[in-house]
Amino acid sequence: MRKMGMRGFAIAAGLALASLGGVAGHAAQPAATATPTPQAAAAPGGVSNTAPTTAAATPTANPSSPELAMDGAPAMTVKPMIGQPTDGLFGLQPQVTKNGQFAHWMHNSILVPTITIISLFVLALLFWVSFRYRKARNPVASKTSHNTFIEIIWTLAPVVILVLIAVPSIGLLQAQFKPAPSGAVTLKAIGNQWYWTYQYPDNGGFEITANMLKEKADVAAGERPRTDADGPKLLATDNRIVLPVGVPIRLITTSNDVIHSWAVPAFWIKLDAIPGRLNETSFTIEKPGLYFGQCSELCGARHGYMPIAVEAVPPAEYAAWVKAKGGTMPTPGKASDKVIPQPGADGSAAKVEEAAETANATGPVENVTTAAPATTQGATSNPAGAGNAGQ
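Residues numbered from 1 in each chain as written. Predicted model: local features only at pLDDT ≥ 70, side-chain atom pairs only at ≥ 80, totals over all residues. Heavy atoms only, no water.

Enquirer: Now, about the sheet that holds strand E6 (residues 260-264): what can you tell me, with residues and values included?
Expert: Within the open sheet, the five strands sit side by side as E4-E10-E9-E6-E7. Their pairing is mixed. The sheet terminates laterally at strand E4 (241-244) and strand E7 (269-273), the two strands that pair on one side only. Within the sheet, the average angular offset between the axes of one strand and its neighbour, ignoring direction, is 25 degrees. Here E6 pairs with strand E9 (residues 289-295) via two bridges, running antiparallel. (Pairing = 2+ DSSP bridges. Helix = DSSP H or I, 4+ residues; strand = E, 2+ residues; numbered from the N terminus. Axes fitted to C-alpha atoms, helices over the stretch in contact; angles between N-to-C directions.)

So, in structure tokens, the structure goes:
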């Protein structure tokens with residue numbers, strides 16, 4: 001009886017300790033799983049994607065700054081019919097760059113009238129020929145095979161029309177790829193499957209990652225859904241980029257995986273982002289506002305979920321935003337001297353990481369001093385951080 005009593009006591013004590021260990025394990029579990037682990041590589045469509053090359057978001061230099069009131073950017077809401085597609089409207093979006101305004105004028109004043117006149121003229125000729133030379137009106141067909149005057153007209157007229165169109169077209173094409181002048185703000189847009197990463201090389205090199213905001217019915221627990229203040233459906237982002245008004249912008253695009261295309265219709269900008277290559281153009285925004293765009297190159301299963309949101313603000317407000325993000329302002333009027341390596345080139349973030357791994361495995365190698373840019377995201381309440389999670 002004594003042995004049975006001791007054995008029962010031991011069993012009861014063991015069960016009590018096991019239950020305490022289980023309770024402790026459950027209590028510690030939320031702390032262990034509070035921070036999501038970034039995914040190592042881009043996954044197929046419909047699967048969670050976290051930026052594989054960007055570190056977890058770090059706090060901003062001044063998170064309480066009024067310049068970071070919304071999406072890590074100045075508090076700016078959507079204006080109807082400006083910078084976004086609008087139901088019921090026909091034609092191009094209102095343009096806020098000189099190239100866009102010229103292209104808008106050329107489209108409405110030259111191309112559309114020319115196309116309309118030619119189409120109506122050809123349609124009238126078809127009706128006239130069908131009526132005038134039908135069998136009932138012309139029982140004996142003409143055997144005329146040449147008419148010198150008509151042949152000269154139908155050869156020269158298209159040539160003259162094309163030349164008249166080509167003159168402004170070539171000027172517009174040249175203006176679209178004109179190098180940025182000294183004092184331009186450099187914005188580097190990097191395409192990923194399926195989100196955009198932005199770097200500001202002239203302002204300290206800080207980095208922003210922008211993902212599409214999902215609808216209220218689609219968000220997971222703890223995520224912030226899209227609201228009307230954020231922008232239209234499929235175009236609102238969890239982090240907006242900010243650019244100054246009246247200052248030349250030097251846009252550089254590249255990609256980490258496949259071909260993307262950075263396009264904002266109101267800026268008259270559509271520039272391909274190609275892996276291993278840096279494409280460049282420049283533009284100047286003339287009106288403050290909130291402007292939307294999206295990837296315009298078929299880049300995979302979630303191609304339609306790579307929106308772009310740009311806040312154009314006065315230069316003083318832009319400088320305050322850069323300071324709040326922990327960046328710096330360059331010398332006014334000084335040309336950019338920042339080295340912007342291509343993905344995979346010496347000095348790029350990938351090469352720096354590769355050199356560090358080689359040093360750890362085989363010993364010291366030649367030092368590489370270029371460091372990956374710091375990520376200073378704004379607070380969005382989205383656990384996705386620097387990637388596209390929960391898609």
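Enquirer: Mind laying out unusual backbone geometry, listing which residues take part and the relevant values?
Expert: Note that the residue after Gln193, namely Trp194, is joined by a cis bond; omega there is 0 degrees. With respect to the element layout, Trp194 can be found in the loop between strand E1 (185-192) and strand E2 (195-199). At Met81, a residue that is not glycine, the phi angle is positive and equals roughly 70 degrees. Within the secondary structure, Met81 sits in the loop between helix H1 (2-33) and helix H2 (98-132). Here Met81 falls in the partly exposed class, since its relative accessible area comes to 46%. The phi torsion at Leu234 lies on the positive side, around 75 degrees, for a residue other than glycine. Note on placement: Leu234 falls in the loop between strand E3 (207-210) and E4. (Buried < 20%, exposed > 50% of the residue type's maximum accessible area, 1.4 Å probe, protein only.)

Enquirer: Which residues make up the layout of surface pockets, and what values do they have?
Expert: Left-over empty space is what a probe sized like a water molecule reveals as it rolls over the atoms. Space inside the second largest pocket adds up to approximately 680 Å³. Taken together, 20 residues line the second largest pocket, and the ones lying closest to its centre are Phe121, Leu125, Trp128, Ile150 and Trp154. Within the residue set of the lining of the second largest pocket, elements represented by two or more residues are H2 and helix H3 (148-176). Split into classes, the residues belonging to the lining of the second largest pocket amount to 14 nonpolar, five polar and one charged. (1 Å grid on protein atoms, 1.4 Å probe; cavity = no way out; pocket = protein on both sides within 12 Å on 5 of 7 lines; lining within 4 Å. Points joined across faces, edges and corners; volume = space filled by probe spheres on them. Nonpolar A, V, L, I, M, F, W, Y, C, P; charged D, E, K, R; others polar.)

Enquirer: Got a sec to walk through a nonpolar patch on the surface? Specific residues and values, please.
Expert: On the surface, Ile118, Leu120, Phe121, Val122, Leu123, Leu125, Leu126, Phe127, Trp128, Val129 and Tyr133 cluster together into a nonpolar patch covering about 1100 Å² of accessible area. Assessed through its relative accessible area of 41%, Val122 is described here as partly exposed. (Patch = residues over 30% accessible without salt bridge, like charges linked within 9 Å, V, L, I, M, F, W, Y side chains within 5 Å. Areas by Shrake-Rupley, 256 points an atom, 1.4 Å probe, with all protein chains shown as cover. Salt bridge = Lys/Arg side-chain N within 4 Å of Asp/Glu carboxyl O.)

Enquirer: Report on the nonpolar core, specifying residues and quantitative values.
Expert: One finds Trp196, Tyr198, Tyr200, Trp262, Phe267 and Trp321 to be the most contacted residues of the largest nonpolar core, which totals 46 residues. At five residues, strand E10 (residues 307-313) tops the list of elements feeding residues into this core. What Trp321 contacts, discounting residues up to four positions off in sequence, is Glu67, Leu68, Gly72, Ala73, Pro74, Tyr200, Phe206, Ile208 and Val242. (Core = buried A, V, L, I, M, F, W, Y, C linked by side-chain atoms within 4.5 Å. Contact = heavy atoms within 4.5 Å.)

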